[in-house]
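Listed here are the chains, written in short residue letters.
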Amino acid sequence: MSLPAPQGRLRVAVDASALRAGRTGIGCYVEHLLVALPAEGVQVLSFSNRPVDGHPEAAVRRLRPTAAWLALLADRQANRLRPDVVHFPTGRAPRRTATPMVVTIHDLSPLQAASGLRRRERWLTAPGLRRGIREADALIAVSADTARALVAAFPLTASRTVVIPEGPTLAPGDPAEPAASLRRRLDLPDLAPVWLHVGASEPRKQLPQLVEAHAMAVNALRQAGASGVELPVLVLVGPAGGDASRLRDTVARLALTPWVRCPGLLSRSALSGLHRMAELYVTVSLHEGFGLAVLDAMGFGLPVLSSGRGALGELAAGDAAWVLGDTAPAVVAAELLELHDRPLLRRALGQAARTRAAAYNWQRTALATADLYRSVAARRRATVNSQGAVWPR
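All values derive from a computational prediction rather than experimental measurement.

Visitor: Can you help me understand the sheet that holds strand β9 (residues 233–237) in this one?
Guide: Whenever strands of a sheet pair, they do so through backbone hydrogen bonds, lying parallel or antiparallel. Reading across the sheet, the six strands line up as β10-β9-β8-β11-β12-β13 and stay open at both edges, with parallel pairing between neighbours. Edge positions in the sheet fall to β10 (260–264) and β13 (322–323), since each of these pairs with one other strand and no more. For β9 and β10, the ladder comprises three bridges, and the chain directions are parallel. Among the inter-strand pairings, Val 237 is bridged to a residue of β10, identified as Gly 264. Taken strand by strand, helix α12 (residues 329–341) contacts β8 (194–198), β11 (280–283), β12 (304–306) and β13, and its axis lies near 165 degrees from that of β12.

Here you go:
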């Protein structure tokens, strides 16, 4: 029989090292989880190896790179906070600690040579990810696809893995920069439809191929008589990644500068404004562990043209997205034109996307995560008590 967790609010030490300015993906996951957990009876004790953006109360022990901090200091730093559970939400973790440990797995790309990650990035992140997978008392997979990949690669994790999806990082009610201001700032023609993509220019995102597809669509619209100011502009929001130079070269080679914008990272208000004004959202990614940017677009009721790869297929369930059969540029161009030319189809897809997105929210994520914390703490407590020891409080 399992014993209850300690009385009162559960104390959970959370690695907040991903909370840095300009954060994307994993940083957004950590940010929203920290905000939502207290409502589920969790006292969050954040710690990091650097000052934490937006969380000045975080315990900080300076050591860079983060890989060295995780290997040498993170476990002792977490245990000094006297938590009931410690959570490493980036996937990387130290060696096993005396405190029950939960690790979130977003994907296995650092362990895969074909992932497109820079060699240095894989070298820095892979050891911590392997430790997290090996040592965690429980593993959170952010999608069923990630859970399947994890268990296929590490069969012994099956009994320790639970799927807890993420929630949106933007909401239609968020403050938004006005369309006129965005068009001036990004130099977007007043009549030009916006085709949106959000994410770093990593090889798996296939952004150069997306630009090639966009060029084919623009040329087809030109031949059909569209004027320059009416042609769609592809807006690629996100930080430079491993494919940044190839992306720039592709835009230059295809003479697409007037119809492609790469503004880098944007504020939340600017992102909300772009989602409100976009005609559609497009992703041709080869794999996503979850797909936060796609979920955000769906929440705004944008029609989504998706590769359907990895966890993107889960988000597209129930015809919530227009799934590509192939990500070859000619195929993508044809589907972009199909959506562009059919406003009723876009509206139907947008409604289905909004309905699907409503199934995801951070309070549900936090509730399931808090339940997992309590289960892990109770299991460790039962094990310790059965050995004649006392709960280490």
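Visitor: What is the right way to look at helix α8 (residues 244–253) in this model?
Guide: Three or four residues apart is the spacing at which side chains of an α-helix point the same way, because the helix has 3.6 residues per turn. By the burial criterion, the buried members of α8 are Ala 244, Leu 247, Thr 250 and Val 251. Down the axis of α8, the smallest arc covering the buried residues is 125 degrees, so these residues share one side. Relative to its buried face, α8 has exposed residues pointing more than 90 degrees away, namely Asp 249, Ala 252 and Arg 253. Considering only its buried residues, α8 is in contact with α7 (207–223), β9 and β10. Positioned one or two residues after α8, Ala 255 has a phi angle of 50 degrees, which is positive.

Visitor: Got a minute to help me understand the nonpolar core in this structure?
Guide: In a soluble, globular protein the nonpolar side chains are often hidden away together inside. Grouped together as the largest cluster of nonpolar side chains are 92 residues, with contacts concentrated most on Leu 274 and Tyr 373. At eight residues, α7 tops the list of elements feeding residues into this core. By size, the runner-up hydrophobic cluster in this structure holds 19 residues, among which are Leu 70, Val 86, Phe 88 and Ile 133.

Visitor: For this particular structure, what's the right way to read the pattern of salt bridges?
Guide: As a working rule, side chains carrying opposite charge can pair if their charged atoms are close by. Within the structure shown, the criterion is met by 11 salt bridges. When the shortest N-O distance is used, the salt bridge between Arg 261 and Asp 187 registers 3.9 Å. With Arg 261 in strand β10 and Asp 187 in the loop between α6 (179–185) and β8, this pair connects stretches of sequence that are 74 residues apart. Residue classification places Asp 187 among the exposed residues on the basis of a relative accessible area of 56%. One salt bridge connects Arg 346 with Glu 279, and the closest N-O pair in it is separated by 3.8 Å. Placement of Arg 346 in helix α13 (residues 343–357) and of Glu 279 in the loop between α9 (268–277) and β11 is noted, with a sequence separation of 67 residues between them. Residue class for Arg 346 comes out buried when judged on its relative accessible area of 17%.

Visitor: Explain the sheet that holds strand β4 (residues 85–88) to me, please; I cannot follow it from the model alone.
Guide: Pairing within the open sheet is parallel, and its seven strands lie in the order β3-β2-β1-β4-β5-β6-β7. At either end of the open sheet lies a strand with only one pairing partner, and these are β3 (59–60) and β7 (161–163). Note that strand β5 (residues 101–105) and strand β6 (residues 138–141) share four bridges and pair parallel. Its bridge partner lying in β6, Thr 104 is registered against Ile 140. With respect to the sheet, helix α5 (residues 144–153) is in contact with β5, β6 and β7, its orientation differing from that of β7 by roughly 165 degrees.

Visitor: Quick question: what am I supposed to make of the packing of aromatic side chains here?
Guide: Using the criterion set out here, one finds four aromatic pairs in the structure. Judged by centre distance (6.0 Å) and plane angle (55 degrees), the rings of Tyr 29 and Trp 362 are tilted. Linking Tyr 29 in helix α1 (residues 25–36) with Trp 362 in helix α14 (residues 362–386), this pair joins segments that are 333 residues apart in sequence. For Trp 362, a relative accessible area of 8% gives the class buried. Geometrically, the ring pair formed by Phe 47 and Phe 88 is edge-to-face, given 5.9 Å between the ring centres and 90 degrees between the ring planes. One end of the pair, Phe 47, is in strand β2 (residues 42–48); the other, Phe 88, is in strand β4, and 41 residues separate them in sequence. On the basis of relative accessibility, which here comes to 0%, the residue Phe 88 falls in the buried class. Ring pairing ties together the aromatic residues Phe 47, Trp 69 and Phe 88, which thus form one cluster.

The rules behind each value
Residues numbered from 1 in each chain as written. Predicted model: local features only at pLDDT ≥ 70, side-chain atom pairs only at ≥ 80, totals over all residues. Heavy atoms only, no water. Pairing = 2+ DSSP bridges. Helix = DSSP H or I, 4+ residues; strand = E, 2+ residues; numbered from the N terminus. Contact = heavy atoms within 4.5 Å. Axes fitted to C-alpha atoms, helices over the stretch in contact; angles between N-to-C directions. Buried < 20%, exposed > 50% of the residue type's maximum accessible area, 1.4 Å probe, protein only. Arc of directions from axis to C-beta. Core = buried A, V, L, I, M, F, W, Y, C linked by side-chain atoms within 4.5 Å. Salt bridge = Lys/Arg side-chain N within 4 Å of Asp/Glu carboxyl O. Phe/Tyr/Trp six-rings, centres within 6.5 Å; stacked < 30°, edge-to-face > 60°.

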